[in-house]
Each structure stands twice: as structure tokens, then as C-alpha cells.
Amino acid sequence: MPAHAAHHDDREIETLEEFDATVSARGTLAGHRVQAVDLTDRTRELLSTDTAGAVFLGCAMREEAAAKVRTDGALVFPPVPDLPFDPYRGHVYAPDELFASLPDGYEATPDAQAYAWFQRTKADRDIYASMLRAIHDDSVSDALDELLSGARVVGVMGGHAMARGTEEYAGAARLGRELARAGLTVATGGGPGAMEAANLGAYAAPFGDEMLTESLELLAKAPHFTPSITQWATAAFEIRTRWPQGGRSVGIPTWFYGHEPPNAFASHIAKYFANATREDGLLARSNAGVVFLPGAAGTVQEIFDNATPNYYESRGEPTPMVLVNRAHWTERLPTWSLLQSLARGRSMEARIALVERIEEAPEALKRLGG
């Protein structure tokens, strides 16, 4: 993942530093987009700078500044009061942000509060609330594109049921670590189970091998996010505190499955209200291939969501697909034979593989990627 990831349109301003730099370097904000920046202390600059055709999305500003920029012909979308999230946000989430107030219990966190708001407003069918959700999800997609610009992204898909302390979980973590050490950006659905394990592995990548071994032992004490999300998440943050500055990876979860918390090992979390946007976004951004670990209906859906653009080549060259665990994908949920039949005689045929063990996945990815 590019270290600075500031590849957005240079008319987009997402921080106070960018605002100040633009005003001093260009002397104008005309035609710029200012996104979720607190401009309360920039009244002087706003009064003395041309803002014709600018758009201010969710930027707090004093009344005289707002009146002046409107007179210039700027559009001002003011911050929305009393929301547990910022619909105009300029960046994806960090674990510390979604889990702020975790010591007071998971219910107190912004993550839980956003879900509670979603539950309340979904039942009302309120056009205003659905518009705010859509704006939020669009802002998150824009931020995710900026973050991943130029990165080689490998998706790791698998179910939430895989418990900490199991050999499967350890295998998924080693997979994430190996992919991250190979310079790839690991992307998962951002939830518990197999997804958490892969993000944990990427987090462990910069450390010596013993760090992951110790982490797996510590996490096994809180194996599942039920009955207590608070205990489950607290165990993860204890590891982050003990080994700070871990490797980077992406989690792309959804409030649609609100009972399922995001995991704290993805350094960047692109969380969505709309599950369909999230599913498509995760697979569309996995430009270096996808590894499918054993999962249930959700993972089967992801296999074919991924196979379709590979079949039609609607996103260009087909990307590698590696399914792990023969018995799972040929007997329990026999998706492999259907995937093979679809691929037959097409260029995606050379880009699919079924392997027995998780340890074989990185090599298979490399082979299929040519």
C-alpha cells in the first residue's frame, strides 16, 4: 500500500494542512472541493480568498464565512448535527476510531452507535437517512480508491465462524503474513474469523515470527465475538498495544451485519451501510487475485461475484482465484466443478486453482498471476 496514499484529485482538500497549503500556494479556492475539514479557525482566509464554484462538504465554519463563500457562488453542505458518523468523511476509518470508548463497553463505541442509528432509521424508511447513508458510502469508496491507488491488492475471503485458537485460524494468519511480506496489500471483509486472521497476519508481517505465535496464544483466550464483543475486541487491542505499528492491511465490513463487529487488525477500515456496495467494492479492488478459504453462503456468493467479471473480462484481464480445501469446495459445497465448467475454454481457465492446504495458496497465486 503506498505509504502516503495522497493520490486524490488535486482539487480535493481533506485536511487543514492541505487547506493551508492550497491557500498559500494558489491564492484561490475556486473550483475546489473541501471535504470534512473544520474551518472554524480559518474565517480570515475564507473571507479573503476567492471560493467561486467551490464545494464545502460537511465543513464547520463561522456564519460570516459561510455567508461570504455562498455569495462567491460556493455550495455549502453544512455538517449534519447529532449523527454518530460523518457522511462527508475524507478518509477511511482506523480501528481506534470505530472502537473509541471500548473500555466503557462495545455499546458505547461509534461502531455500535452507527449500527443502532442504522437500525432505527432503516425501519422509518426516511429519505433523509437513506441519503446520508448513500453519501457516507460514496465518501468511503472515494477514500478507499485514494488509499489503494497503485497498490497490488489480494483479497482473502472466508467465514466469520472460524474461531481464534484453531489451527485453521493460525493458517489464515500465516497466509496474511506471507502475502504482506511479499509486498501485497491484504484486503478482507473486515469481520471476525478468517477475515480477522488474515488481517492479523498482515499486522504481524514486520515483526519476528514469534510475535504471531504469541499473539495467537493470547487471542485464544477470547475465541469468539459472542457472548462478549467487548472482551473479543479488548484482546485484539491488547496485542496492538504490546506490538504497536504493525503492518498495513484493509478491512471492508458492513453495518448491514451489525451483530458482527469489525476486527481491529486491519489498519484501514472501509465500513459501509450498503452490503452490495461493500461486496462489489472488495472484489473489484482485489486486482492481484483472491484466496477463498472455507466459508458458507457468503463465501460461495463471493466466488461467483468474482468469477462473473473474470468470465466476461469486464474488468480487463481475469484475476487469479485460489480455492483452499478440496473436500470443502468439491464435496461440502461443490462450487469448484461449476467454476471449472464456467472457465473452460476461456482465458480465466488459466487463472483458477484448487489447493488442499492454506500454505499452498501464495505459490498458487504467484503461478496464476504469471
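These lines cover the structure that appears in this document, whether it is placed above or below. From a predicted model like this one, the values you see are computed outputs, not experimental measurements.

Taken together, the buried positions of helix H15 (residues 361–369) are Ala361, Pro362, Ala364, Leu365 and Leu368. The buried side chains of H15 occupy one side of the element, clustering within an arc of 160 degrees when seen end-on. H15 presents Lys366 and Arg367 as exposed residues on the side facing more than 90 degrees away from its buried surface. In this structure, the buried residues of H15 make contact with strand E5 (153–157), helix H7 (167–181), strand E9 (290–292), strand E10 (321–324) and strand E11 (352–355).

As a further point, take the environment of Phe99. In this fold, Phe99 is placed in the loop between helix H4 (95–98) and helix H5 (110–124). Its relative accessible area of 4% is what places Phe99 among the buried residues.

With an omega of 0 degrees, the peptide bond between Thr226 and Pro227 qualifies as cis. Tracing the sequence through the fold places Pro227 in the loop between helix H9 (209–219) and helix H10 (229–242). At Ala36, a residue that is not glycine, the phi angle is positive and equals roughly 55 degrees. Non-glycine residue Arg125 carries a positive phi angle of around 55 degrees. Mapping Arg125 onto the fold places it in the loop between H5 and helix H6 (127–148).

Side-chain alternation along strand E6 (residues 185–188) places Thr185 and Ala187 on one buried face and Val186 and Thr188 on a second face that is also buried. Two elements, E5 and E6, share three bridges in a ladder whose sense is parallel. Residue pairing across strands places Val154 opposite Val186, the latter belonging to E6. Assessed by its sense of winding, the connection that carries the chain from E5 through H7 to E6 is right-handed. Inspection of the sheet shows E6 paired to strand E7 (residues 250–251) by two bridges, in the parallel sense. Bridge pairing links Ala187 to Val250 in E7.

Let us look at the sheet that holds strand E4 (residues 75–77). What the four strands build is an open sheet, ordered E1-E2-E3-E4; its pairing is parallel. Taken across any chain shown, the strands that pair with only one partner, and hence form the sheet edges, are strand E1 (12–13) and E4. As defined by bridge partners, strand E3 (residues 55–57) adjoins E4 across three bridges and the pair is classed as parallel. Within the sheet, the bridge partner assigned to Val55 lies in E4 and is Leu75.

Here we take up a nonpolar patch on the surface. Among the surface-exposed residues, Ile127, Tyr128 and Met131 lie close enough to one another that they form a single nonpolar patch of about 340 Å² accessible area. With respect to the helices and strands, the residue Met131 is situated in helix H6.

Our focus in this paragraph is the nonpolar core. Most often, soluble globular proteins have nonpolar side chains that are buried together. Leu175, Leu179, Leu200, Val291, Leu293, Val322 and Val324 are the most contacted members of the largest nonpolar core, which totals 53 residues. Of all the secondary structure elements, the ones that give two or more residues to this core are E5, H7, helix H8 (194–204), H9, H10, E10, E11 and H15. The residues contacting Leu179, other than those within four sequence positions of it, are Val154, Val156, Leu184, Val186, Pro362 and Leu365. Phe118, Val140, Leu283 and Val290 belong to the second-largest nonpolar core, a separate cluster that totals 45 residues.

Thresholds, definitions, all that
Residues numbered from 1 in each chain as written. Predicted model: local features only at pLDDT ≥ 70, side-chain atom pairs only at ≥ 80, totals over all residues. Heavy atoms only, no water. Buried < 20%, exposed > 50% of the residue type's maximum accessible area, 1.4 Å probe, protein only. Helix = DSSP H or I, 4+ residues; strand = E, 2+ residues; numbered from the N terminus. Arc of directions from axis to C-beta. Contact = heavy atoms within 4.5 Å. Pairing = 2+ DSSP bridges. Right-handed = clockwise from strand over helix to strand, strands pointing away. Patch = residues over 30% accessible without salt bridge, like charges linked within 9 Å, V, L, I, M, F, W, Y side chains within 5 Å. Areas by Shrake-Rupley, 256 points an atom, 1.4 Å probe, with all protein chains shown as cover. Salt bridge = Lys/Arg side-chain N within 4 Å of Asp/Glu carboxyl O. Core = buried A, V, L, I, M, F, W, Y, C linked by side-chain atoms within 4.5 Å.

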